[in-house]
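# Coordinates in review
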Amino acid sequence: MTTKTGHVFMAPDFEGAAWRKSKYSGDSQGQCFECADVTATHNGVAVRDSKDPQGPALLFTTEAFTGFIEAVSRNEFTQP
């Protein structure tokens, strides 16, 4: 499936991916996502809900994911 921002896969489609969660997420089982660099096999970065590791995962181009991380670093998503 293709969306405006990426491609939807199921997380197991990224067999062998090294999923990482932010060190700021803690162990509270809260609203977290994990990402995996899958450029070698899928030419991008995969993102999934850490509470549903077998569920859907989005695939973004490296450029799109890098842009997102840079925007977060600039606090562009901070609510007033």
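This write-up is about the structure you can find in this document.

Parameters at a glance
Residues numbered from 1 in each chain as written. Predicted model: local features only at pLDDT ≥ 70, side-chain atom pairs only at ≥ 80, totals over all residues. Heavy atoms only, no water. Phe/Tyr/Trp six-rings, centres within 6.5 Å; stacked < 30°, edge-to-face > 60°. Buried < 20%, exposed > 50% of the residue type's maximum accessible area, 1.4 Å probe, protein only. Core = buried A, V, L, I, M, F, W, Y, C linked by side-chain atoms within 4.5 Å. Contact = heavy atoms within 4.5 Å. 1 Å grid on protein atoms, 1.4 Å probe; cavity = no way out; pocket = protein on both sides within 12 Å on 5 of 7 lines; lining within 4 Å. Points joined across faces, edges and corners; volume = space filled by probe spheres on them. Helix = DSSP H or I, 4+ residues; strand = E, 2+ residues; numbered from the N terminus. Nonpolar A, V, L, I, M, F, W, Y, C, P; charged D, E, K, R; others polar. Pairing = 2+ DSSP bridges.

### Quick notes on the packing of aromatic side chains
Evaluated as defined, the whole model comprises four aromatic pairs. Aromatic side chains F14 and W19 sit 6.2 Å apart centroid to centroid with 75° between the ring planes, which places their arrangement in the edge-to-face category. The two residues F14 and W19 agree in class, both being buried. Judged by centre distance (6.3 Å) and plane angle (45°), the rings of F65 and F68 are tilted.

### Quick look at the nonpolar core
Counting eight residues, the largest nonpolar core is built from A11, F14, W19, A36, V38, A46, A57 and L59. Leaving out residues up to four positions away in the same chain, A46 has contacts with F14, W19, E34, C35, A36, V38, L58 and L59. With five residues, the next largest nonpolar core counts V45, V47, F60 and F65 among its residues.

### Points about the layout of surface pockets
One number sums up the size of the largest pocket: a volume of about 300 Å³. Contributions of two or more residues to the lining of the largest pocket are made by β2 (20–21), β3 (33–37) and α2 (62–73). Broken down by class, the residue content of the lining of the largest pocket amounts to six nonpolar, three polar and three charged.

### Describing the pairing of strand β4 (residues 45–49)
For β4, the buried fraction is high: four of the five residues fall into the buried class. Relative to strand β5 (residues 56–60), β4 is paired through four bridges, and the arrangement is antiparallel. When the sheet's bridge partners are listed, A46 is paired in β5 with L59. Taking the residues that link successive antiparallel strands as the turn, the β4-β5 hairpin has six residues.

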